[in-house]
Amino acid sequence: IMASTAAGKQRIPKVAKVKNKAPAEVQITAEQLLREAKERELELLPPPPKQKITDAEELNDYKLKKRKGFEDNIRKNRTVISNWIKYAQWEESLKEVQRARSIYERALDVDHRNITLWLKYAEMEMKNRQVNHARNIWDRAITILPRVNQFWYKYTYMEEMLGNIAGCRQVFERWMEWEPEEQAWHSYINFELRYKEVDKSRTLVMVHPEVKNWIKYANFEEKHGYIALARKVFERAVEFFGEEHISENLYVAFSRFEEKQKEFERVRIIYKYALDRVPKQQAQELFKNYTVFEKRFGDRRGIEDVIVSKRRFQYEEEVKANPHNYDAWFDYLRLVESDTDADTVREVYERAIANTPPIQEKRHWRRYIYLWINYALYEELEVKDPERTRQVYQACLELIPHKKFTFAKIWLLYAQFEIRQKNLQNARRHNFTFLSLSTVIGSFRVLWKSYIDFEIEQEEYENTRGLYKRLLQRTQHVKVWISYGQFELSIDSDDRIQRCRQIYEEANKSMQGCEEKEERLMLLESWREFEDEFGSLANKERVRKLLPEKVKKRRKITAEDGSDAGWEEYYDYIFPEDAANQPNLKLLAMAKMWKKQQQEDEEEQEEEEHRAVCTYSQQLDWKLAQRDPQRIRPS
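Residues numbered from 1 in each chain as written. Predicted model: local features only at pLDDT ≥ 70, side-chain atom pairs only at ≥ 80, totals over all residues. Heavy atoms only, no water.

1. As for the overall build of the protein
Consideration 1: Counting its secondary structure elements, the protein contains 29 helices and four strands.
Consideration 2: Counting the 635 residues in the protein, one finds 35% classified as buried.
Consideration 3: Put simply, 47% of the contacts in the protein that link residues at least 6 apart link residues at least 24 apart. (Helix = DSSP H or I, 4+ residues; strand = E, 2+ residues; numbered from the N terminus. Buried < 20%, exposed > 50% of the residue type's maximum accessible area, 1.4 Å probe, protein only. Contact = heavy atoms within 4.5 Å.)

What follows is the structure, encoded as structure tokens:
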């Protein structure tokens, strides 16, 4: 405790310091402490003496004293139900049933919703064989507290034990009106079954339409030998739940039931039907049971069907999670094409192509378009249905936004399909339609080449020339000119060489203003090879004069930041007939002549210097020889 000084300041009292911290010489154990505590108990209260009542007056005094104690306890706290119960049980022990009944009634007036009170009251009446009183109490209890199942269970048990079957059934009927929990219905069903009332039991089964109750219903019918009714119960259950609330356990139970009846084909159909509809994450037990069934009763084909079904299930989950995952669609389609009928494959293809790319960009359409291509090839090669193949191609071409995504491959495959069907008129029409739609040549050069090759194979040379001319109106690419010339050269006709030479001349004339000098050089080299094989000396000389001169030049390099990055060398081609380049050619020739003259002058000067050095050396050797005759002269 803190003390206060006169000045009002607080100070903490000093704590006594332990001077000797060494352990005591004699140590006390816990066992010794307990033993000493037991020995030091001063006195034990003896139990109250047993009273021996010898006459009625003493008994009445005893009863009066006990009742006064019970009443005092009740008066102190009326809501403590245990006091009422102890009071009533004491009266019951004295065979004072009427007094005990009165105490229970008084207690019910205090708390009529106390479950224990009702149970003790009814048990007292049943113990004393007061059946009607017990029925009265149970009736009152289930009327006041109808949701307390314990009352109903004990009431029905009492009636059944008394052999009052009709009364027990009546109590069950009253209970079922309150739609109790599932166990209550099972108790009623078991009651009816104990007395061989199968028809009445059947009417009680499906009050709670849950999967486990449907299964119990079917097992009930099977147990009593009604196999057809049990199968009908399962079928009703499948129809009842539908595909929205489908359950794996129901189909597993249905399959096991059919397996017991040796209906193996029905079992296989049930498993396949369920696997097509139950979500993957809920079908693990289903797959396991299906696999075990096929291993026991199926063949190799059946086991493969299980594996295929599982993979189909996985693909279904993938495409449901992301319908635009075209790779998953390709894997799924590859699987169904190898295992299922044409109608199923078509259904999967239709689902796949319905998921068009969400963005109008070619990179998103690039994978999608192959779904259509595979669909058409499947109809043509596997199903062998040309009309449906044609419909697939037409639907694809109507769907594709041509202005942005003109896919040459679709048109090419469509035309090749018509060629395989020997419908050349349709093939020409498709090619012509596409070439009219296309505006960019680079992306569709393959289709032009395919169309040209097609006309060449059909020996329609005039059509081929028309295609080359149309193509050259859109592009002046050197490869088109060279291909055109080679085409004319390949035709077995008298004027083929003249036609080919004319094309080279037109190409050279058309490409004189071309900025790509390498392409023009490529054309002239191809022309030179042609003249070397088929031309005269004059034609060869003519083409040789058209070839350009290769010149090394320098140009200034500018860095990205605009600063000077030095010079680089490059090669340029100067064509003789280019009038703009003639002054440069003359200047170049003069520069070469000057450089050659400079080299000749330098060589002459070096030669003169060499001769002068040699003459001076010879003179020096001669003078030394005159002074010293013994010296060895150089050879």
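2. What to know about helix α18 (residues 342-353)
Consideration 1: Taking 1.5 Å of rise per residue, twelve residues should cover 16 Å, and α18 covers 16 Å from first to last C-alpha, within 8% of that figure.
Consideration 2: Inspection of α18 places Val345, Arg346, Val348, Tyr349, Ala352 and Ile353 among the buried residues, and these make up the whole buried set. Buried residues of α18 fall within an arc of 165° about the axis and therefore sit on the same side.
Consideration 3: The secondary structure elements touched by the buried residues of α18 are α17 (326-337), α19 (362-383) and α20 (386-399).
Consideration 4: In this structure Asp341 caps α18, since a side-chain oxygen of it lies 3.4 Å from the backbone nitrogen of Asp343. (Expected span 1.5 Å × (residues − 1). Arc of directions from axis to C-beta. Polar contact = N/O pair within 3.5 Å; in protein donor to acceptor, adjacent residues only side chain to side chain.)

3. Considering the pairing of strand β4 (residues 564-574)
Consideration 1: Strand direction decides the pairing type here: strand β3 (residues 549-558) and β4, joined by nine bridges, are antiparallel. Counterpart to Lys550 in the pairing with β4 is Tyr573.
Consideration 2: Two successive antiparallel strands, β3 and β4, enclose a turn made up of five residues, where Gly562 displays a positive phi of approximately 90°. (Pairing = 2+ DSSP bridges.)

4. So, the pattern of salt bridges
Consideration 1: Within the structure shown, the criterion is met by 29 salt bridges.
Consideration 2: With a shortest N-O distance of 2.9 Å, Arg140 and Glu105 are connected by a salt bridge. You can see Arg140 sitting in helix α6 (residues 131-144) and its partner Glu105 sitting in helix α4 (residues 97-110), a full 35 residues away along the chain.
Consideration 3: Taking relative accessible area as the criterion, Arg140 reaches 27% and is therefore assigned partly exposed.
Consideration 4: Its relative accessible area of 25% is what places Glu105 among the partly exposed residues.
Consideration 5: A salt bridge links Arg390 to Glu387; the nearest nitrogen and oxygen atoms lie 3.3 Å apart. With Arg390 and Glu387 both in helix α20, this residue pair falls three residues apart, about one helical turn.
Consideration 6: Each of the salt bridges in this network shares a partner with another, and the network as a whole consists of Asp343, Arg346, Glu379 and Arg388. (Salt bridge = Lys/Arg side-chain N within 4 Å of Asp/Glu carboxyl O.)

5. Brief notes about helix α7 (residues 149-161)
Consideration 1: For α7, spanning 13 residues, the distance from its first C-alpha to its last is 18 Å, which sits close to the expected 18 Å at 1.5 Å a residue.
Consideration 2: Those residues of α7 that sit buried are Asn149, Phe151, Trp152, Tyr155, Thr156, Met158, Glu159 and Glu160.
Consideration 3: Next to the buried residues of α7 lie α5 (115-127), α6, α8 (165-176) and α9 (182-194).
Consideration 4: Looking one or two residues past α7, Gly163 carries a phi angle of roughly 80°, positive in sign.

6. Brief notes about the side chain of Thr389
Consideration 1: By secondary structure assignment, the location of Thr389 is in helix α20.
Consideration 2: Within the structure, Thr389 has its side chain in polar contact with the backbone oxygen of Asp385 (distance 2.8 Å).
Consideration 3: Once you skip the residues sitting within four places of it in the chain, Thr389 turns out to touch Ala376, Glu379, Glu380 and Phe417.

7. Describing the nonpolar core
Consideration 1: Of all hydrophobic cores here, the largest spans 40 residues; its most connected members are Tyr104, Leu117, Trp118, Trp138, Phe151, Phe172 and Met176.
Consideration 2: For this core, the secondary-structure elements that each account for two or more residues are α2 (56-76), α3 (81-93), α4, α5, α6, α7, α8 and α9.
Consideration 3: Those residues in contact with Leu117, other than ones at most four positions away along the chain, are Ile81, Ile85, Tyr104, Ala107, Leu108 and Asp111.
Consideration 4: One finds Tyr332, Ala352, Trp365 and Tyr378 within the second-largest nonpolar core, a separate group that totals 35 residues. (Core = buried A, V, L, I, M, F, W, Y, C linked by side-chain atoms within 4.5 Å.)

8. With respect to the packing of aromatic side chains
Consideration 1: Scanning the entire structure with this criterion turns up 29 aromatic pairs.
Consideration 2: Taking 5.8 Å as the distance between ring centres and 35° as the angle between the ring planes, the aromatic pair formed by Tyr468 and Phe487 counts as tilted. Note that Tyr468 is positioned in helix α24 (residues 461-474) and Phe487 in helix α25 (residues 478-490), a separation of 19 residues in sequence.
Consideration 3: Exposure remark for Tyr468: the relative accessible area of 5% places this residue in the buried category. (Phe/Tyr/Trp six-rings, centres within 6.5 Å; stacked < 30°, edge-to-face > 60°.)

9. Remarks on unusual backbone geometry
Consideration 1: Not every positive phi belongs to a glycine, and Lys95 is a case in point at roughly 65°.
Consideration 2: Residue Arg129 is not a glycine yet carries a positive backbone phi of 60°.
Consideration 3: Relative to the elements of secondary structure, Arg129 occurs in the loop between α5 and α6.
Consideration 4: By relative accessible area, Arg129 is classed as exposed at 73%.

10. Some thoughts on the packing of α3 against α4
Relative placement of two packed helices is described by the angle separating their axes and the distance separating the axes.
Consideration 1: Relative to each other, α3 and α4 sit at 165°, their axes nearing to 8 Å. With respect to their mutual orientation, α3 and α4 come out roughly antiparallel. The chirality of how α3 crosses α4 is left-handed. For the pair formed by α3 and α4, the contact residues are Trp84, Ile85, Tyr87, Ala88, Gln89, Glu91 and Glu92 on the first element and Arg99, Ala100, Ile103, Tyr104, Arg106, Ala107 and Val110 on the second.
Consideration 2: When grouped by side-chain class, the residues that make up the contact of α3 with α4 number nine nonpolar, one polar and four charged. (Axes fitted to C-alpha atoms, helices over the stretch in contact; angles between N-to-C directions. Parallel < 35°, antiparallel > 145°, perpendicular 65-115°, else oblique. Left-handed = near helix turned anticlockwise from the far one by under 90°. Nonpolar A, V, L, I, M, F, W, Y, C, P; charged D, E, K, R; others polar.)

11. A short note on the confidence of the model for the protein
Consideration 1: Per-residue confidence for the protein averages 79 on the pLDDT scale, and 80% of its residues sit at or above 70.
Consideration 2: The lowest-confidence element of the protein is strand β1 (residues 3-4), averaging 42 in pLDDT; the highest-confidence one is α5, averaging 93.
Consideration 3: pLDDT under 50 marks residues 627-635. Its contacts with residues more than four places away, or in other chains, come to three contacts. (pLDDT = per-residue confidence, 0-100.)

12. Section: the environment of Phe487
Consideration 1: A relative accessible area of 4% places Phe487 in the buried class.
Consideration 2: Once you skip the residues sitting within four places of it in the chain, Phe487 turns out to touch Ile456, Tyr461, Thr464, Arg465 and Tyr468.

13. A closer look at the environment of Trp329
Consideration 1: Along the chain, the position of Trp329 falls in helix α17.
Consideration 2: Residue Trp329 is classed as buried on the basis of its relative accessible area, which comes to 3%.
Consideration 3: For the pair formed by Trp329 and Tyr368, sequence separation is 39 residues and the distance between their alpha carbons is 9.8 Å.
Consideration 4: With residues up to four places along the chain from it excluded, the contact list for Trp329 reads Val319, Pro323, Val348, Arg351, Ala352, Asn355 and Leu371.

14. Looking at the packing of α25 against helix α26 (residues 496-510)
Consideration 1: Following both chains from N to C, one finds α25 and α26 inclined at 170°, their axes separated by 8 Å at the closest point. Between α25 and α26, the angle is such that the two are roughly antiparallel. On α26, the residues that touch Trp481, Ile482, Tyr484, Gly485, Glu488 and Leu489 of α25 are Arg496, Ile497, Arg499, Cys500, Ile503, Tyr504, Glu506, Ala507 and Ser510.
Consideration 2: Grouping the amino acids of the contact of α25 with α26 by side-chain chemistry returns nine nonpolar, two polar and four charged.

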